[in-house]
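# Working through the structure, step by step
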Amino acid sequence: KPCDADRLLIVTFTNAAAAEMKERISAAIGALLQEDPANAQLQRQQILLNRAHISTIHSFCNELVRENFYKLNISPDFRISDSAEMTLLRQEAMDGVMEELYAKAGGSFTMLSDAFSFGWNDRRLMETIETLYDFIRSHPFPERWLDEKEAMYREGLPVGETLWGSTILNYAQSAVDYMVTLTENSLSVMEEDEKISAAYQEAFLQDLSSLQELKTRIASKDWDRIVAGLQAFRFAGLKPLRGYNDDPLKLRISGSRDGVKAVFKKLSALFSHDEAKCRQDMKQLAPIVTELFGAVKLFSRELEEKKQQKRLADFGDLEHWALKLLVRPTESGWRRTEDAQLLAENFDEVMVDEYQDTNEAQDMIFRAISREEQNLFMVGDVKQSIYRFRQAMPEIFLRRKASYQPYDPQKEAYPAKVILDKNFRSRHGVTDGVNFVFRQIMSTEMGEMEYTREEELVPGASYPERDEGDTELHILTLPKGEDMDVEEAAYIGNLITSMV
């Protein structure tokens, strides 16, 4: 469909990427105009490109906020603070919060301080408040998020049905499956040696039977039954095996059993208390969590006030100011404002790159300025997500990917997904090596996805065949006291030099 350049909203991850995209589009239009200089439509696009919305999310929010500052009750001449300036401001705000909290010290605050502080040092408590503050700002409605989580401490559910209990039970299920697999593998390989089998088989069979019983208990999700099973569990004693101290098979089997015992120890620690004690812990934690969340809200308000006084803002402020213009919270979720609906009419397409690095606040902005998400196009690769420390939430992109059907040009049904599986940078020996490693290590638990055929790299370019291997494994020994990063960099530098 023909679409004017200024009717597109294209959001990239960096300013450099935005500038490059604008440059590429301009070059492409220029090349077409050389072939058809009289084309009025192309001439028009070249002019409109100067007004095109191709930027980062923060540049877009900045422009939106400055155009609507009067609706937000903020100064029109605010500026983005540098990191040093913001660090000082945050410290001032935190000092004010701690002073206020200590002024009314007693009860819950004393419990909170005791839980997080060492002696007279409140550094850990202050770091916790700041960490929570930074985290909740990645959500569109931070205080509502805190209120929802606080309520979870008072729900009174059976331990196994709480968020914490279900997380532990899921881990326990995986852990016991792993222990069973290791034990079964040991029983299988010990058959290679009659003496080892005669000495160890009986004990390993008893271990396997006990683990299968434990697996049944975990599947029942009966907390006290699982606790009792773990407390009663005993690994069978091994018969003596002389003359096998350095035998590789014996060492392999012993190492595998040590691995089982290590996992069992970790699992036992997670079920160290019965249901009644866990409920009691939750009850004791509730007022501490309430006090902690209250301190986070207080810090947020204190910092907000100081930033307003100095007419300062950070990138998180830009996102939340934009959200105030675009959405309103409701009991069941949120709704778009009239401003959002009017803004959405300005864009025929909303296109977002690196979507795996968005957070919930940013995702809501994109949803609000699109037309019920019907004109929202995104590109991403969860395997390239490296910004969790900046509160990126790759699970947002994964949820979309899992719910969308593959694109069918015959049906034109949306939402749909197109898998960009072709790799044009590497020969098949490299992609085969990468696929082999990722198939072994990536799962929903480790890497948030199963490495299926849909995720595999497929070589998309043709390279000259050669006799040498395309994938090599280099194992470096780190000299004592040396830095691995430095050693690795020096080694790779020398390797590239020798290859070139």
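The structure we're discussing is the one just above.
Each value, and the rule that gives it
Residues numbered from 1 in each chain as written. Predicted model: local features only at pLDDT ≥ 70, side-chain atom pairs only at ≥ 80, totals over all residues. Heavy atoms only, no water. Pairing = 2+ DSSP bridges. Helix = DSSP H or I, 4+ residues; strand = E, 2+ residues; numbered from the N terminus. Axes fitted to C-alpha atoms, helices over the stretch in contact; angles between N-to-C directions. Buried < 20%, exposed > 50% of the residue type's maximum accessible area, 1.4 Å probe, protein only.

### Here's the deal with the sheet that holds strand β1 (residues 8–12)
Strand order in the open sheet formed by 4 strands is β2-β1-β7-β8, and the pairing between neighbours is parallel. The sheet is open, and its two edges are formed by β2 (53–56) and β8 (376–378), each paired on a single side. Recorded for the sheet is a direction-independent mean angle of 15° between the axes of neighbouring strands. Judged from the 4 bridges that link them, β1 and strand β7 (residues 349–352) form a sheet pairing that is parallel. Bridge pairing in β7 links Leu8 to Glu349.

### Some thoughts on unusual backbone geometry
A cis amide bond links Tyr414 with the next residue in sequence, Pro415, at an omega value of 0°. Tracing the backbone through its elements, the reader meets Pro415 in the loop between β9 (405–406) and β10 (416–417). Not every positive phi belongs to a glycine, and Lys221 is a case in point at roughly 60°. Here Lys221 shows up in the loop between α10 (194–220) and α11 (223–232). Since its relative accessible area comes to 56%, Lys221 is described here as exposed. At Glu354, a residue that is not glycine, the phi angle is positive and equals roughly 55°. Take Glu354: it is sitting in the loop between β7 and α16 (360–369).

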